[in-house]
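Take a look at the letters that make up each chain.
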Amino acid sequence: MDAAGKEEISVEDEAVDKNVFRDCTKIAFYRRQKQQLLKKSTYRAVLDTVTTGQDSTRFQIVHEATKIPLMAEIYGIERNIFRLKINEEMPLKPRYEVPDVLTSKPSTVRATKENQSASVDTAKENEDDLGLWEEKFGNFVDVKANGPASIGLDFSLHGFEHLYGIPQHAESHQLKNTSDGDAYRLYNLDIYGYKIHDKMGIYGSIPYLLAHKLGKTVGIFWLNASETLVEINTEPAVEYTLTQVGPAAAKQKIRCRTDVHWMSESGIIDVFLLAGPTPSDVFRQYSQLTGTQAMPPLFSLGYHQCRWNYEDEQDVKAVDAGFDEHDIPYDVMWLDIEHTEGKRYFTWDKKRFPNPKRMQELLRSKKRKLVVISDPHIKTDPDYSVYAKAKEQGFFVKTREGADFEGICWPGLSSYLDFTNPKVREWYAGLFAFSAYQGSTDILFIWNDMNEPSVFRGPEQTMQKNAVHHGNWEHRELHNIYGFYQQMATAEGLIQRSKGKERPFVLTRSFFAGSQKYGAVWTGDNTADWSYLKISIPMLLTLSITGISFCGADVGGFIGNPEAELLVRWYQAGAYQPFFRGHATMNTKRREPWLFGEEHTQLIREAIRERYTLLPYWYSLFYHAHVASQPVMRPLWVEFPDDLQTFGVEDEYMLGSALLVHPVTEPKATEVDVFLPGSDEVWYDSKTFAHWEGGRTVKIPVALDTIPVFQRGGTVVPIKTTVGKSTGWMTHSPYGLRVALSTKGSAVGELYLDDGHSFQYLHQKQFLHRKFSFCSSVLNNSCADKRGHYPSKCVVEQILVLGLGKEPSSVTTHSSDGKDQPVAFTYCAQASTLRLEKLSLDIGADWEVHIM
């Protein structure tokens, strides 16, 4: 939620008021950097200063006009990664270098000289420019005790014109060319009802982009946590006529080129070049640096029900009962800020929630969970123990004069915990212990909100840049990493309270590179409008390719009241996106799934049940994200990197490599144009089983109950054949396999299975990883990872084979003990489908199904 909601600021008038939030022209370091570019100031490498050590090659670079020396270091890192660091050789004051994001010190290899040339234009400040020591915006004055310290670097990407990444913006998936004053801004801000198709920074920042062309993918990771701006300029390929000799003209083709200009307010230049060459390689290289997606507990892949606010224990009980009454599965009830005593986190309102443990026991009896909110601002109240203890130990962010920084947020006057301090994080993690957090149980999990940080009435509704953090670093140096640290501390606290046994679940609004290690992210305060449903797809695709696989958007839109059709379509989209939560702001109409008439209740029920049916596939995808760095939700170009037609697609996407999803995002739609990629692929409608060859756009008729989902030929998708009230009721439910044959009559797929909640999969190798393959009319279940062992009572009871050209004469199962069993089957010639039911094949054992 956001400041504007409480003060009832109108979305249209003030939500993105340029008097409240700056554009690039009002940012002094941007103006200075642009001035440097116009001057074409250059740096020259001093070759006789080159030294090669075990880890890096170092050399001095000197500004040709000012003669100021800088030190450059180049590292070769394992798996085709290169690192460039540039810092002042003799700084008056040390510059901030971002800690804690890299998972470990990167393993280097001896850097070798290659036949390549590169130009580096770094920009240092010019004394004649404005905004060097003081910068004004509205009524705020930013006093810069250390003076100007911005940095910039240009990259030229030859042959590339498709770039992606640098979230978070409510923009297209493919990055656009920027004009003067319209750079992509990376600066974490609390923007209520953010404007779409805009490059202004919102809640999180990942300074990392990918460039893709036929045959090559590369990445640029700019490790800097201060305010950052990125300009992009693509020059298309052109042909020049050089000479005219008779009828023939000699022509020269100039390749396309994209120039990327990075600018940050402070810090050092610390940039990683990820050389690919494939999308999968780049994903692995980035996660080698910043970590992979945390393995989520299974319950968190179910449906979450939230609003600001569920009023009291009776309200929670009634909503929980409503899901059961209407036969709609859900896993998690959420409580916003009103559950606390006067917005004091780690407390309960004694009138509304007098017995929180009893409320949690009710949810536990339904095998459900509770999530509550915990924001970084702490109410200034000496009688509030969290405040008193933090103040006593000096754990708050300071002003430049040395007092505790105070700002206005939900509780009124508040101080802000300095999560950049390891001791503060350790202390904060301890607040989640059951003995410390009265009324909490092991089914309670956490939501970090307002952690950009949001400061009502502050400059751009955030903290002054000259506030002071641990180590005497100004807030400007590390603004974008503040929320990252809160989520880190929260996740650690949840792990510690279980003595290291249980996986945490933490949702954060603000994030940075590496936040994937600690939990989930959502797209913040969106609006109940079709345009926000539509923009959620490219926003989530961009998060996904930059490491944050566990991401989602508030279903229905946080702000406003969705019409029934929009709500249904949003549930249908959300069911096929990684984080699936319905949420609404205060003063909106109640919108639980059963409040829009029986027809719409049925449609929402079907969408949510489809989510639960596919949970085995979702969980397996998250395991791949966790161990192999592959995103769960993927733009088409990732799966089809050699298909130029996919490079700009953002209204549909892949879930893993098997499912293509095209959500309906227009009102009153009767058909959608679906692009099915791959000229050698075949695609099956997941409901009708109709099939099409790939490499074409097909018109798909849609009614309000239609979710256009297609299974790729050559894949096997594991499902659950029965749906329970929550994931906890489905542990022993039977499996089904959806086998979609390729044009060559084969298919492969996987299933990952563990206890769904602990770290036993990691420490004790308690997991099952099975591989399914269909080849030469035999479906085979075999072990994909012999290190894993996990006892499961589950069986495969249903197999559906799509694209089987002729009716078989018989079907038999062959088990590892040598026994053959005939199987009854149903074949539909019109749909070319074979259905096997009432099977009882052990999911964890080797077996074969022979189709003769």
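Check the entry above for the structure.
Residues numbered from 1 in each chain as written. Predicted model: local features only at pLDDT ≥ 70, side-chain atom pairs only at ≥ 80, totals over all residues. Heavy atoms only, no water.

Colleague: Help me get a handle on helix 14 (residues 615–628), residues and values and all.
Modeller: In this model, helix 14 (14 residues) spans 19 Å end to end at C-alpha, consistent with the 20 Å of a helix rising 1.5 Å per residue. Among the 14 residues of helix 14, 11 are classified as buried, and the element is accordingly described as predominantly covered. Residues of helix 14 that are buried: Leu-615, Pro-616, Tyr-617, Trp-618, Tyr-619, Ser-620, Leu-621, Phe-622, Tyr-623, Ala-625 and His-626. (Helix = DSSP H or I, 4+ residues; strand = E, 2+ residues; numbered from the N terminus. Expected span 1.5 Å × (residues − 1). Buried < 20%, exposed > 50% of the residue type's maximum accessible area, 1.4 Å probe, protein only.)

Colleague: Explain the pairing of strand 13 (residues 228–235) to me, and be specific about the residues and the numbers.
Modeller: Within strand 13, six of the eight residues are buried, which leaves the element mostly enclosed by the surrounding structure. Examined bridge by bridge, strand 10 (residues 184–186) and strand 13 share three bridges and lie antiparallel to one another. For Leu-186, the partnering residue across the bridge sits in strand 13 and is Thr-228. Looking at chain direction, strand 13 and strand 16 (residues 257–264) are connected through eight bridges and run antiparallel. Bridging across to strand 16, Glu-235 finds its partner in Arg-257. (Pairing = 2+ DSSP bridges.)

Colleague: Would you mind going over the environment of Ile-408 in detail, with residue names and values included?
Modeller: The residue Ile-408 is located in strand 22 (residues 406–409) in this model. Taking the C-alpha atoms as reference points, Ile-408 and Arg-457, 49 residues apart in sequence, are found 7.0 Å from one another. The residues touching Ile-408, leaving out its near neighbours within four places in the chain, are Leu-413, Tyr-416, Val-455, Phe-456 and Arg-457. (Contact = heavy atoms within 4.5 Å.)

Colleague: Before we move on, can you summarise the packing of aromatic side chains with the specific residues and values?
Modeller: With the rule as written, the count across this model stands at 47 aromatic pairs. Judged by centre distance (5.5 Å) and plane angle (75°), the ring pair of Phe-484 and Tyr-485 falls under edge-to-face. Of the two residues, Phe-484 and Tyr-485, both sit in the buried class. With centroids separated by 6.1 Å and ring planes inclined at 50°, the aromatic side chains of Phe-640 and Trp-683 adopt a geometry described as tilted. Placement of Phe-640 in the loop between helix 15 (636–639) and strand 32 (653–655) and of Trp-683 in strand 35 (residues 682–685) is noted, with a sequence separation of 43 residues between them. (Phe/Tyr/Trp six-rings, centres within 6.5 Å; stacked < 30°, edge-to-face > 60°.)

Colleague: Pulling in residues and values, what's your account of the sheet that holds strand 29 (residues 551–552)?
Modeller: Taken in spatial order, the eight strands make up an open sheet running 29-28-27-24-20-19-18-30, and their pairing is parallel. In this open sheet, the two strands that pair with only one neighbour each are strand 29 and strand 30 (580–582). Relative to strand 19 (residues 332–335), strand 18 (residues 303–305) runs parallel, the two being bridged by two bridges. Across the sheet, Gln-305 pairs through a bridge with Met-333, a residue of strand 19. Of the strands in this sheet, strand 18 and strand 19 are in contact with helix 5 (residues 313–325), which crosses strand 19 at around 155°. (Axes fitted to C-alpha atoms, helices over the stretch in contact; angles between N-to-C directions.)

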